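In case you want the letters, here they are:
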Amino acid sequence: MKPKEVLEFSDSALMIIWEDEHESIYLYEELRQLCPCATCNELRQSGERGKKGKTPFKRIIPLETPLKNLQIKPDRIDPVGLYAIRFKWNDGHETGIYPFEFLRRRCTCEKCKPN
Ligand SMILES: [Zn+2]
Ligand SMILES: [Zn+2]
């Protein structure tokens with residue numbers, strides 16, 4: 001499954017229209033948190049591993065970033081081959097490559113939501 005169009009839905013959300021006409025909307029903030037790159041994966045895992053939490057999940061966003069004031073959104077969205085897109089986030093992070101399959105599986109619309 002591939003997107004037919006990738007659009008800015010609002011200041012805080014992205015819309016993907018898929019080949020099968022299905023429409024998905026993703027909050028940038030959620031996409032940022034889902035970042036599938038190795039660094040973020042590791043941070044998430046160490047976050048999940050424990051309350052001992054030497055590396056809390058929040059650290060995905062660099063510490064110097066004034067989190068509360070930052071509206072996470074992409075500065076750029078680039079295609080990666082024929083299978084993925086990459087976001088360059090306004091917090092400077094840009095190593096996350098989001099395969100289309102990954103995005104489609106995370107569609108949060110009524111139809112796709114598990115009950
Ligand atoms: Zn990442
Ligand atoms: Zn859906």
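By convention here, each chain's residues receive numbers from 1 onward along its written sequence. Lettering for chains starts from A, numbering for ligands starts from 1, and both go in the order in which the items are written. Residue-level local features of this predicted model are given only where pLDDT is at least 70; pairs of side-chain atoms are given and counted only at 80 or more, and the full residue set underlies all totals for whole chains, interfaces and linings.

S.K.: Got a minute to help me understand the overall build of the protein chain in this structure?
M.R.: Helix numbering and strand numbering both begin at the N terminus, where a helix is a DSSP run of H or I of at least 4 residues and a strand a DSSP run of E of at least 2. When its secondary structure is counted, the protein chain shows three helices and six strands. Going residue by residue from the N terminus, the α and β elements of the protein chain occur as β-β-β-α-α-β-β-β-α. A total of 115 residues make up the protein chain; the buried ones form 14% of that total. Any residue surrounded by 20 or more other C-beta atoms within 10 Å of its C-beta is treated as buried, while 12 or fewer makes it exposed and the intermediate range makes it partly exposed; C-beta atoms here are placed from the backbone.

S.K.: Help me understand the sheet that holds strand 5 (residues 84–89) in this model?
M.R.: Backbone hydrogen bonds are what pair the strands of a sheet, in a parallel or an antiparallel way. Strands are labelled as partners when DSSP assigns at least two bridges between them. Spatially, three strands are ordered 4-5-6 in an open sheet, and the strand pairing comes out antiparallel. Strand pairing shows two members of the sheet lacking a second neighbour, strand 4 (74–80) and strand 6 (97–99), which therefore form its edges. With direction set aside, neighbouring strand axes in the sheet form an average angle of 25°. Both strand 5 and strand 6 contribute to a ladder of three bridges, which runs antiparallel. Looking across to strand 6, one finds that isoleucine 85 is bridged to tyrosine 98. For helices, the axis comes from a line fit to the C-alpha atoms of the stretch in contact; other axes are also lines fit to C-alpha atoms, and the angle between any two N-to-C directions lies between 0 and 180 degrees.

S.K.: Is there a simple way to think about the sheet that holds strand 3 (residues 23–27) in this case?
M.R.: Taken in spatial order, the three strands make up an open sheet running 1-2-3, and their pairing is antiparallel. Edge positions in the sheet fall to strand 1 (3–10) and strand 3, since each of these pairs with one other strand and no more. Averaged over all neighbouring strand pairs, the angle between strand axes comes to 20°, with direction disregarded.

S.K.: I keep staring at the nonpolar core and nothing clicks. Help me out?
M.R.: A general trend in soluble globular proteins is that nonpolar side chains are found buried together. Leu14, Ile16, Tyr28, Leu31, Ile72, Ile85, Phe87, Trp89, Tyr98 and Leu103 together form the largest nonpolar core, which totals 10 residues. Of all the elements in the fold, those that place two or more residues in this core are strand 2 (13–18), helix 1 (28–33) and strand 5. In terms of residue count, strand 5 provides more of this core than any other element does, three residues in total. Working definition of a contact: two residues with C-beta atoms, positioned from the backbone, lying within 7 Å. In this structure phenylalanine 87 touches Leu31, Pro74, Ile77 and Gly96, once residues within four positions along its chain are discounted. One nonpolar core equals one set of buried Ala, Val, Leu, Ile, Met, Phe, Trp, Tyr and Cys residues connected by C-beta atoms within 7 Å.

S.K.: What is the right way to read the environment of proline 36 from this model?
M.R.: Here proline 36 is to be found in the loop between helix 1 and helix 2 (38–49). Separated by 62 residues in sequence, proline 36 and tyrosine 98 place their C-alpha atoms 6.7 Å apart. Not counting residues up to four positions away in its chain, the partners in contact with proline 36 are Asn41, Gly96, Ile97, Tyr98 and Phe102.

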